[in-house]
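Below are the chains, spelled out letter by letter.
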Amino acid sequence: MTQKINLTVFKEFLKSSNFGGAMLFACVILSLIIANSPLAETLQNILDTKLGFENNNLHLNYSILMWINDGLMAIFFLLVGLEIKREIVEGELSSPKKASLPILCAIGGAIVPAIIYLSLNGGTETASGWGIPMATDIAFALAVISLLGKNVPPSIKVFLAALAIVDDLIAILVIAFFYSHGIEVSYLMFAGIGMFVLIAMNRLNVQNPYLYLIPGVFIWYFIHHSGIHATIAGVLVAMTIPTNDTDVESPLERLEHAIARPVNFLIIPLFAFANTNITFQQEMIHGLTSPIGLGISFGLFFGKPIGILLTSFICTKLKISSLPEGSRWAHIIGVGFLAGIGFTMSIFVSLLSYSDPLFVAEAKLSILLTSIIAGLVGFFFLKSLAQKK
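Please read all numbers here as calculations on a predicted model, not as lab measurements.

**Brief notes about the environment of Leu255**
Part 1 of the argument: Mapped onto the elements, Leu255 comes out in helix 10 (residues 251-275).
Part 2 of the argument: Of the residues examined, Leu255 reaches a relative accessible area of 0% and is grouped as buried.
Part 3 of the argument: As for Leu255 and Tyr210, which are separated by 45 residues in sequence, their C-alpha atoms are 7.5 Å apart.
Part 4 of the argument: Other than its neighbours up to four places away in sequence, Leu255 contacts Leu78, Leu82, Pro209, Tyr210, Leu213 and Ile241.

Written out as structure tokens, the structure is:
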């Protein structure tokens with residue numbers, strides 16, 4: 001019964017990611033069209049418009065763009081945290097045997113791209129972007145593999161989902177430890193008190209998941225002012241919400257179902273729309289062959305499949321784990337290409353990596369083009385494997 005429910009949750013996740021990926025792509029195209037039209041300045045003025053309030057004790061007056069990137073994306077990270085915890089408790093990460101291959105492949109698929117980027121940018125002012133090609137976009141990657149239907153074994157779809165979830169966890173840790181600056185301990189202490197309240201609620205078996213969001217808002221505020229990126233608050237809150245491995249729907253699963261659609265159909269597309277309004281300039285085209293562009297492109301397109309394939313090979317030879325049921329080595333290569341779709345998380349890290357707007361624009365363009373190419377190559381590669389049977 002538990003396995004059946006887990007499969008149903010996964011199918012719903014896959015469906016929402018599929019449609020969400022289509023919306024994401026549409027928003028990217030629309031944003032690019034507007035950014036290169038007479039409406040470009042109007043869009044930028046809207047994104048720069050400040051909303052909120054502030055006084056001597058409270059500062060919550062930010063641009064619309066910042067509310068999207070720091071506020072709404074915290075809800076995205078909340079969903080990611082819920083998915084990670086569910087997989088650890090009852091899914092593909094619930095046992096060493098199940099978890100070993102996607103966890104280790106996610107690590108290998110993150111390290112190799114970072115090394116490639118640093119080999120091209122090390123010692124320069126753009127070296128801080130090493131975290132950009134480490135990420136995989138869950139929505140896009142699962143949307144592409146969903147389009148393949150029965151052309152790929154079901155185990156490969158589960159493997160990619162688990163790998164992408166672990167990949168997001170790695171990205172979260174990278175952001176927390178390497179892209180946070182000027183830590184304010186006093187605010188962290190207040191956030192810690194909020195976490196203590198959430199943990200106490202968990203221990204007292206509070207079953208209403210929405211009650212956990214009230215302290216969560218305060219934790220977001222204090223972390224935002226602490227110097228650590230505020231989106232980390234979403235993951236911390238998710239880890240305290242109760243779940244189980246039975247056929248009874250848990251508070252975590254209720255909250256996950258409640259926010260999955262708003263995240264996939266509204267928040268991520270809105271993030272994409274707001275952050276891909278790239279006005280093409282001659283310098284940006286040259287940027288594709290600059291150390292930034294090459295580091296990101298080579299890292300995502302070559303680093304991801306090399307890291308994942310190499311790690312899989314080592315794991316199977318050492319008998320740490322085995323390939324997903326019904327799959328072969330070529331499927332792992334195809335998954336590696338799909339993991340090279342960095343989009344959402346890669347753009348997010350690029351915003352934290354550079355202070356120069358031109359560097360950010362170059363990075364976004366490289367991420368966009370490479371993610372499209374990696375997705376197309378992965379799709380047709382995996383489809384060709386089914387035709388060769």
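**Remarks on the side chain of Thr240**
Part 1 of the argument: Among the structural elements, Thr240 can be located in the loop between helix 9 (232-238) and helix 10.
Part 2 of the argument: Residue class for Thr240 comes out buried when judged on its relative accessible area of 5%.
Part 3 of the argument: A polar contact of 2.7 Å, which involves the side chain of Thr240, links it to the backbone oxygen of Val237.
Part 4 of the argument: Not counting chain neighbours up to four residues away, the residues in contact with Thr240 comprise Lys85, Met195, Leu198, Ile199, Asn202 and Tyr212.

**What to know about the pairing of strand 1 (residues 50-54)**
Part 1 of the argument: By the bridge criterion, 5 bridges tie strand 1 to strand 2 (residues 59-63) in an arrangement that is antiparallel. From the neighbouring strand, Gly52 faces strand 2, where its bridge partner is Asn61.

**Some thoughts on the confidence of the model for the chain**
Part 1 of the argument: Looking at the chain, the pLDDT average stands at 86 and 93% of residues meet or exceed 70.
Part 2 of the argument: Mean pLDDT across the secondary structure elements of the chain bottoms out at helix 1 (residues 2-35), with 68, and peaks at helix 12 (residues 291-317), with 95.

**Thoughts on the packing of aromatic side chains**
Part 1 of the argument: Going through the model one piece at a time under the given rule, you end up with 17 aromatic pairs.
Part 2 of the argument: Each ring, one from Phe271 and one from Phe348, has its centre 6.1 Å from the other, and the planes form 45°; the classification is tilted. Taken together, the positions of Phe271 in helix 10 and Phe348 in helix 14 (residues 343-353) put the pair 77 residues apart, joining distant regions of the chain. For the pair Phe271 and Phe348, one class covers both residues: buried.

**Re the pairing of strand 2**
Part 1 of the argument: Most of strand 2 is tucked away: 4 of the 5 residues are buried.
Part 2 of the argument: Here strand 1 folds back onto strand 2, and the loop between the two strands holds 4 residues.

**Overview of the nonpolar core**
As a rule of thumb, nonpolar side chains are buried together in soluble globular proteins.
Part 1 of the argument: Ranked by size, the top nonpolar core spans 116 residues in total, and within it Phe76, Phe77, Leu82, Ile145, Ile296, Phe343 and Tyr354 carry the most contacts.
Part 2 of the argument: Top element by residues in this core is helix 6 (residues 154-178). It accounts for 14 residues.
Part 3 of the argument: Ignoring any residue separated from it by four or fewer positions in sequence, one finds Ile296 in contact with Tyr117, Ile132, Pro133, Ala363, Ser366 and Ile367.

**Here's the deal with helix 6**
Part 1 of the argument: In this model, helix 6 (25 residues) spans 36 Å end to end at C-alpha, consistent with the 36 Å of a helix rising 1.5 Å per residue.
Part 2 of the argument: Burial within helix 6 is extensive, with 19 of its 25 residues counted as buried.

**A few points about the side chain of Ser312**
Part 1 of the argument: Its location among the elements puts Ser312 in helix 12.
Part 2 of the argument: The contact partners of Ser312, leaving out residues within four places of it in the chain, are Leu101, Cys105, Trp329 and Ile332.

**Comments concerning the pattern of salt bridges**
Part 1 of the argument: Taken as a whole, this structure holds 2 salt bridges when the rule is applied.
Part 2 of the argument: Notably, a salt bridge pairs Glu256 with Arg86, separated by 2.7 Å at the nearest N-O pair. Of this pair, Glu256 sits in helix 10 while Arg86 sits in helix 3 (residues 64-90); the two residues are 170 residues apart in sequence, bridging distant segments of the chain.
Part 3 of the argument: Taking relative accessible area as the criterion, Arg86 reaches 5% and is therefore assigned buried.
Part 4 of the argument: Residue Lys304 pairs with Asp167 through a salt bridge whose shortest N-O separation is 2.6 Å. On the criterion of sequence distance, the pair formed by Lys304 in helix 12 and Asp167 in helix 6 is long-range, its members being 137 residues apart. Each member of the pair, Lys304 as well as Asp167, carries the same accessibility label: buried.

**With respect to unusual backbone geometry**
Part 1 of the argument: For Asn205, which is not glycine, the phi torsion reads 60° and is therefore positive.
Part 2 of the argument: Tracing the chain through its elements places Asn205 in the loop between helix 7 (185-203) and helix 8 (213-226).
Part 3 of the argument: Looking at Asn205, the relative accessible area reads 47%, which means it is partly exposed.

Conventions and cut-offs
- Residues numbered from 1 in each chain as written.
- Predicted model: local features only at pLDDT ≥ 70, side-chain atom pairs only at ≥ 80, totals over all residues.
- Heavy atoms only, no water.
- Helix = DSSP H or I, 4+ residues; strand = E, 2+ residues; numbered from the N terminus.
- Buried < 20%, exposed > 50% of the residue type's maximum accessible area, 1.4 Å probe, protein only.
- Contact = heavy atoms within 4.5 Å.
- Polar contact = N/O pair within 3.5 Å; in protein donor to acceptor, adjacent residues only side chain to side chain.
- Pairing = 2+ DSSP bridges.
- pLDDT = per-residue confidence, 0-100.
- Phe/Tyr/Trp six-rings, centres within 6.5 Å; stacked < 30°, edge-to-face > 60°.
- Core = buried A, V, L, I, M, F, W, Y, C linked by side-chain atoms within 4.5 Å.
- Expected span 1.5 Å × (residues − 1).
- Salt bridge = Lys/Arg side-chain N within 4 Å of Asp/Glu carboxyl O.

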